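Reading the structure
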Amino acid sequence: MSTNNQYEWVDFYNAFAKKLLSFRSDRAKLVAIIKESYQEIGISLPTLEHSEDEFTDIDPFTTFGLFDKSSMTNDNRVKIITALGKRMGVSLPVPTTFNGVPTLNNQNATFYYFVGDGDRTEADIDNLWNLFEAALNYASDPSADNRLTISKYFDLVVNKKGNGNSKASMALYWISPASFLNLDQRNEWYIYQSKKIPDDVVANLPKIKAKISASDYFDIIECLRSYLNSERTELKNFLDLSFEAWKYSNEVNEQKKKEKEQSSLENIVDSDVRAVHYWLYSPGNGAEKWDEFYKKGIMAIGWDEIGDLMLFDSKDAMKAKMKELYDSSMSYKNAVHATWQFSREIQPGDIVFVKKGMHQLVGRGVVESNYEFDDAQKSFKHIHKMKWTHNGNWEHPGVAAMKTLTDITSYTDYVEKLNKLFDVETEDEE
């Protein structure tokens with residue numbers, strides 16, 4: 001596949017994939033190449049098993065994920081690709097730009113569970129290789145038989161706990177963006193919710209479920225390819241669509257941030273619009289992240305894998321993404337409520353009390369910013385900037401709620417007790 005300079009990565013990724021397939025029957029050599037490459041460039045090997053001694057096998061998509069992580073710098077990305085490509089015999093020039101390449105969350109960057117984990121089975125890595133080989137065969141010959149084969153393994157992989165639509169489809173897109181559509185969070189939002197795709201096209205698409213079937217996935221591909229081949233859009237292929245989704249989602253997020261900032265200014269002018277809210281908050285299990293967050297002047301929560309929370313237009317959409325990425329049998333009621341409140345309801349000027357367990361408080365502060373998705377954070381990427389006013393240890397009056405985040409504004413007696421612990425008044429604060 002020939003590409004222009006805007007997508008210079010495509011030819012290299014395709015060549016890398018074909019070389020990678022040759023290691024299917026000699027994965028020990030592939031593991032050795034990975035270890036040698038990281039040692040050569042002086043970058044620490046990412047966690048690919050519980051211990052390095054247990055790292056004796058790997059699938060092709062996790063191998064691609066070594067250089068397709070959201071938190072990775074461009075320099076490190078190029079270093080890793082260069083070292084791996086050289087040892088694997090890829091002769092094409094190494095790309096230096098990666099327009100439209102979807103990336104994995106650093107906290108969920110393997111397509112398999114580690115050795116010893118309850119959800120790991122002997123067939124998991126073999127099934128990933130089966131999907132990989134079937135995808136390359138389908139990309140070169142999209143016959144009915146090849147589609148049947150790739151569909152079989154797509155359904156096995158996408159339904160494996162920890163994977164899902166986003167990871168499975170971006171993995172296929174890496175190796176052949178001419179054949180496969182990336183359905184990561186940005187693209188899914190752009191296709192189904194942004195209104196940039198005509199309503200009649202969207203109406204003909206299968207509905208996105210927590211775990212879509214291969215049949216639905218290929219229906220989406222065929223419908224959108226037909227639209228992209230028409231004169232109704234200037235986008236010509238899935239590469240253009242993915243890159244446009246990235247650009248447009250960034251524009252929308254910037255506009256939303258400006259609107260929230262303007263709304264906050266209006267609230268300051270008219271204090272009757274919204275009174276100060278009070279929140280009880282836990283910075284990680286047992287307040288394990290408190291020292292870090294205090295020093296950085298932030299409050300933050302996890303659920304990094306679902307990406308920027310402002311791209312979801314409803315709690316139901318958040319819940320669907322959690323079910324896709326984690327365990328589809330869980331309700332995620334409290335988690336969705338917390339992520340929604342954290343991104344939509346916490347506002348500058350609100351007061352946050354920091355708890356450790358159910359019997360201790362360790363801090364207090366004032367919210368200084370609207371919600372931000374900080375992809376530079378290694379973990380806990382959902383943040384608000386904070387002015388922390390207190391840091392120490394206080395006994396909590398009674399038993400605190402177990403939830404990560406609780407709006408306690410309406411419990412006025414409780415709020416007053418907490419404020420007295422910190423020698424402050426219960427009132428709207430500047």
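This report concerns the structure included in the present document. Position numbers for residues start from 1 in each chain and track the written sequence from start to end. With pLDDT at 70 or above as the cut-off, local features in this predicted model cover only qualifying residues; side-chain atom pairs require 80 or more to be listed or tallied, and sums for whole chains, interfaces and linings still use all residues. The side-chain values count all of the structure's non-hydrogen atoms but skip hydrogen atoms and water molecules.

It is worth spelling out the overall build of the chain at this point. Each helix is a run of H or I in the DSSP string that is no shorter than four residues. Each strand is a run of E no shorter than two, and both are numbered from the N terminus. When its secondary structure is counted, the chain shows 15 helices and 7 strands. Both definitions apply: the radius of gyration is a C-alpha atom measure, and the globule rule equals 2.2 Å times residues to the power 0.38. Computed over C-alpha atoms, the radius of gyration of the chain comes to 24 Å, within 12% of the 22 Å expected from 2.2 N^0.38 for 430 residues, which places it in the range of a compact globule. Restricting the contact set of the chain to residue pairs at least 6 apart, pairs at least 24 apart contribute 71%. A total accessible area of about 20,000 Å² is found for the chain, and carbon and sulfur atoms account for 47% of it. A residue counts as positive if it is Lys or Arg and as negative if it is Asp or Glu; His and the chain ends are not included. Here the site of a charge means atom NZ of a Lys, CZ of an Arg, CG of an Asp or CD of a Glu. Each charge sign in the chain was given a centre, from 51 positive and 66 negative side chains, and these centres are 2 Å apart. Only heavy atoms enter the contact rule, under which two residues are in contact if any of them lie within 4.5 Å. Per-residue accessibility takes into account occlusion by the displayed protein chains alone, with areas from the Shrake-Rupley method and a 1.4 Å probe.

This part is about the packing of aromatic side chains. Here a Phe, Tyr or Trp ring, Trp counted by its six-membered ring, pairs with any other such ring whose centre lies within 6.5 Å, and the pair is stacked when the planes are under 30 degrees apart, edge-to-face when over 60, and tilted otherwise. One pass over the structure, following the stated rule, counts 32 aromatic pairs. Relative to Tyr-217, the ring of Phe-154 has its centre 4.9 Å away and its plane inclined at 5°; by these criteria the two rings are stacked. Taken together, the residues span a long stretch of sequence, with Phe-154 in helix H6 (residues 144–158) and Tyr-217 in helix H10 (residues 214–228) at a distance of 63 residues. Taken individually, Phe-154 and Tyr-217 each receive the classification buried, so the pair is uniform in this respect. Plain terms: the ring middles of Phe-243 and Trp-246 are 5.9 Å apart, the flat faces sit at 10° to each other, and that makes the pair stacked. In this pair, Phe-243 and Trp-246 are both assigned in helix H11 (residues 238–269), 3 residues apart and thus about one turn of the helix distant. The class of Trp-246 is partly exposed, set by a relative accessible area of 41%. Counting every residue linked through ring pairs, the aromatic cluster contains Trp-9, Phe-12, Tyr-13, Phe-16, Phe-61, Phe-64, Phe-67, Phe-111, Trp-129, Phe-132, Tyr-173 and Trp-174. For a Lys NZ or an Arg CZ to count as sitting over a ring, it must be within 6 Å of the ring centre and within 35 degrees of the ring normal. In this structure, Arg-77 is placed above the aromatic ring of Phe-98, and the distance from its NZ or CZ to the ring centre is 4.1 Å. Above the plane of the ring of Trp-340 lies Arg-344, whose end atom (NZ or CZ) is 4.3 Å from the centre. We call a residue buried when its accessible area falls under 20% of the maximum for its residue type, exposed when it is over 50%, and partly exposed in between, using a 1.4 Å probe and counting protein chains only.

Once that is clear, we can look at unusual backbone geometry. Phi at Lys-195 takes a positive value of approximately 70°, unusual for a residue other than glycine. Tracing the backbone shows Lys-195 in the loop between helix H8 (185–192) and helix H9 (199–203). A positive phi is found at Trp-303, a non-glycine position, where the angle reads about 60°. Of the residues examined, Trp-303 reaches a relative accessible area of 30% and is grouped as partly exposed.

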